[in-house]
Amino acid sequence: VRRLVLILGDQLTPGLGALQDIDPQRDHLLLAEVMEEASHVPHHPQKIALIFSAMRHFAEQLREQGLQVHYVTLDDVDNSGSLPGELLRWTQQLDPAEVHLTECGDWRLEQALRHCGVPIHWHADSRFLCSREAFADWAQGRKQLRMEYFYREMRRRNGLLLNPDGTPEGGAWNFDADNRKALPCEVQPPAPLRIEPDAISREVLALVAQRFPDHYGSLEGFDYPVTAEQAERLWQHFLVRGLADFGDYQDAMADDQPFLFHSRISAALNIGLLDLRRICAEVEAAYRAGDVPLNAAEGFIRQLIGWREYVRGIYWLRMPDYAEGNAFGNSRALPAFYWTGETRMNCMRQAIGQTLRHAYAHHIQRLMLTGNFALLAGIAPKAICDWYLAVYMDAFDWVELPNTLGMVMHADGGYLGSKPYCASGQYIKRMSDHCQGCSYKVSESTGESACPFNALYWHFLMRHREPLQRNPRMGMVYRNLARMDDARQQALWDWGERLLARLDAGEML
Ligand code: SF4
């Protein structure tokens, strides 16, 4: 055997670096379903099913191309249970002259593979626009990193939404201010595209149901794409039906509307079923053809070449220390309702409920509901990061950790984002209809019927007055706090204390 190539569950892309120059006669490919990756956090069963099914489909596709593929299923009696274990086992069995691997999406796994005793030829992950090294060069010498500047650089470098003279299309780099509308009653999001599980997926769903019965989340209604062709159908569905309104309503939330105008392609993209460059080009083409407005096209492209590449860059630049960040010194355990959805707070029930049903919530639900609550309640960063990593279909460490630890929890002390995304119930009321169906009153801040977000918001601001009030972007909220008389501030503090004590006692809010 000339070469053994290990392909990971989020590397299901034919153009992958490690899959170039393959000799069908002398090279062997290896894919393995292992317990360690499926259970180091209690991943949502649909996420495990997605990855195993997509891996099995990808292995079939490679075999059809005449390549020699070894596929280790989870229930294979010889399965060692870990990727380093499988790499060692197959290296001993096949005795290849070389072992090749594309860089991982998880620092923990990459370290384990680098130290497993098998010399590896590493390939950069060319699916990203900005390599680890290019990001490190960009970050060099900057005290604070800001996504906006990185994003502009990426727009220029990749020639996206630019005028011929290199200035941004529409005269501005960012149209986020146009993208914060609540959903009016008369606007109906498109019906979601359902992709029915085929025989391979059905077999995997049965395996996952049997092997992971204790993981939170439902397997019912699994409808995610597991092949590049299916992912393309989901992408075209969004491009034609969702993108035009994505901009306006990307921050909106609504009862029983889990997807709104969101694409749901992040899981497929993150495991390699879609090509980032083509997607961006098609979004720009839709704008140039007059099919979608600029705020939608720009907002979508910013998520992909801005945020997505930026958080990956930060992850590889700052790991492993980044994972230890805890700037607010939080230590509170994650409330049990994050795993069950059993809470009287309608907004949280909606976000967590759909997460358990679909392994999906959109970015504002993650940032301003489940994330905001964890920030205000002082949840230990590791506990909330592990939860996000476990429950979301698209969560891989490189993308989940900076988003949760940095953006949601501000636990990196402001390295990634310039201010904490904290908000009271008023924000949630403005952006959703959740408060109408809630047993709490968003207009009240203290007392049994008061919205818990309100007192917790003020408690958070008082609790972390130092250093937050020195942050120029927090000036207005601290001026609002200062305008309250002492008795009001004390009442909010006391009610906040009471809510936190209830969380500590394991009581439901
Ligand atoms: Fe959420 Fe408060 Fe509104 Fe209830 S009242 S839905 S807890 S923001």
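Note that residues are indexed from 1 along each chain, following the sequence as it is written. In keeping with the predicted nature of the model, local features appear solely for residues at pLDDT of at least 70, side-chain atom pairs appear and are counted solely at 80 or more, and the whole-chain, interface and lining totals rest on all residues.

A.B. asks: Give me the packing of helix 3 (residues 83-94) against helix 4 (residues 107-114): which residues, what numbers.
C.D. replies: Whenever a helix is involved, its axis is fitted only over the stretch in contact; in every case the axis is a line through C-alpha atoms, and angles between N-to-C directions fall within 0 to 180 degrees. Helix and strand definitions follow DSSP, with helices as H or I runs of at least four residues and strands as E runs of at least two, each counted in order from the N terminus. Running from N to C, helix 3 and helix 4 point in directions that differ by 30°, and their axes come no closer than 9 Å. By the angle between their axes, helix 3 is roughly parallel relative to helix 4. Classified by chirality, the crossing of helix 4 by helix 3 is right-handed. From helix 3, Leu83, Pro84 and Leu87 reach across to helix 4, where they touch Leu109, Ala112 and Leu113. Every angle not falling under 35 degrees, over 145, or within 65 to 115 is termed oblique; those three ranges are roughly parallel, roughly antiparallel and roughly perpendicular. Each crossing gets its handedness from the near helix: less than a right angle anticlockwise from the far helix is left-handed, clockwise is right-handed. Remark: residues whose backbone-derived C-beta atoms lie within 7 Å of one another are considered to be in contact.

A.B. asks: Could you give an account of the environment of Gln92, naming the residues involved and the relevant values?
C.D. replies: Looking at the element boundaries, Gln92 is found in helix 3. With 26 residues separating them along the chain, Gln92 and Val118 place their C-alpha atoms 9.7 Å apart.

A.B. asks: So what's going on with the site of the ligand? Which residues, and what values?
C.D. replies: Any residue whose C-beta atom, as placed from the backbone, lies within 6 Å of a molecule or strand is termed near it. Cys347, Gly425, Cys435, Cys438 and Cys451 are the nearest of the 14 residues found near the ligand. Those elements that provide at least two residues to the shell around the ligand are helix 14 (346-358), helix 18 (425-431) and helix 19 (452-463). Broken down by element, the shell around the ligand gets its largest block of residues, 3 residues, from helix 18. Residues are grouped as follows: nonpolar covers Ala, Val, Leu, Ile, Met, Phe, Trp, Tyr, Cys and Pro; charged covers Asp, Glu, Lys and Arg; every other residue, Gly included, is treated as polar. Grouping the constituent residues of the shell around the ligand by class yields 10 nonpolar, 3 polar and 1 charged.

A.B. asks: Pulling in residues and values, what's your account of the nonpolar core?
C.D. replies: We define a nonpolar core as a collection of buried residues of the types Ala, Val, Leu, Ile, Met, Phe, Trp, Tyr and Cys that are connected via C-beta atoms lying within 7 Å of each other. Three exposure classes are used. Buried residues have 20 or more other C-beta atoms within 10 Å of their own C-beta, exposed residues have 12 or fewer, and partly exposed residues fall in between, all C-beta atoms being placed from the backbone. Counting 140 residues, the largest nonpolar core has Leu30, Ala54, Ile301 and Leu376 as its most contacted members. Apart from residues lying up to four places away in sequence, Ala54 is in contact with Leu12, Val226, Ile271 and Leu273.

Keep in mind these values describe shape, not function.
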